[in-house]
Amino acid sequence: MPSPKAEEKRGAPRCPLERLAKIQPGRSNPPRYCLITDISDGGVRVNGFGFDIPDEFVLLLSGDGPARDGTYRVIWRLG
């Protein structure tokens, strides 16, 4: 029997998104492709396709949309 859904504790709701982006992991490292899988006013969820996302990084997005280029900081990791 499924358990009841946990109460949402986030300050901003998440919106699903599948958008290709680039992470600039540092000044001396080349950008790496990643996938943004959801977004909220508080941040983004990033899939790094097998590379470790640094604790702080510059996110480079293309096109229009709710996500914006900028410096992001990891606040939670899966696992």
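Residues numbered from 1 in each chain as written. Predicted model: local features only at pLDDT ≥ 70, side-chain atom pairs only at ≥ 80, totals over all residues. Heavy atoms only, no water.

Chemist: When you look at the sheet that holds strand β2 (residues 32–40) in this model, what are you seeing that I'm missing?
Modeler: Note: strands within a sheet are paired through backbone hydrogen bonds, in either parallel or antiparallel orientation. The five strands are arranged β3-β2-β1-β4-β5 in an open sheet whose pairing can be described as antiparallel. Either end of the sheet is taken by a strand with one partner, and the two such strands are β3 (43–47) and β5 (70–73). Averaged over all pairs of adjacent strands, the angle between their axes in this sheet comes to 45°, without regard to strand direction. (Pairing = 2+ DSSP bridges. Helix = DSSP H or I, 4+ residues; strand = E, 2+ residues; numbered from the N terminus. Axes fitted to C-alpha atoms, helices over the stretch in contact; angles between N-to-C directions.)

Chemist: Is there a simple way to think about the layout of surface pockets in this case?
Modeler: The gaps of empty space that remain are located by a probe, the size of a water molecule, rolled over the atoms. By volume, the largest pocket is sized at about 890 Å³. Around the largest pocket sit 26 residues that line it, and V44, R45, V46, I75 and W76 are the ones nearest its centre. Of the residues contributing to the lining of the largest pocket, the split by class is twelve nonpolar, seven polar and seven charged. (1 Å grid on protein atoms, 1.4 Å probe; cavity = no way out; pocket = protein on both sides within 12 Å on 5 of 7 lines; lining within 4 Å. Points joined across faces, edges and corners; volume = space filled by probe spheres on them. Nonpolar A, V, L, I, M, F, W, Y, C, P; charged D, E, K, R; others polar.)

Chemist: Just checking my understanding: could you explain the pattern of salt bridges for this structure?
Modeler: Two side chains that carry opposite charge are able to pair once their charged atoms sit near each other. Enumeration according to the criterion identifies three salt bridges in this entry. A salt bridge links D38 to R14; the nearest nitrogen and oxygen atoms lie 3.0 Å apart. In this pair, D38 sits in strand β2 while R14 sits in the segment before β1 (15–24), placing the two residues 24 residues apart along the sequence. Relative accessible area serves as the criterion here: at 31%, R14 is assigned to the partly exposed category. D38 serves as the salt-bridge partner of R45, at 3.9 Å between the closest nitrogen and oxygen. Within the structure, one salt-bridge network assembled from shared partners comprises R14, D38 and R45. (Salt bridge = Lys/Arg side-chain N within 4 Å of Asp/Glu carboxyl O. Buried < 20%, exposed > 50% of the residue type's maximum accessible area, 1.4 Å probe, protein only.)

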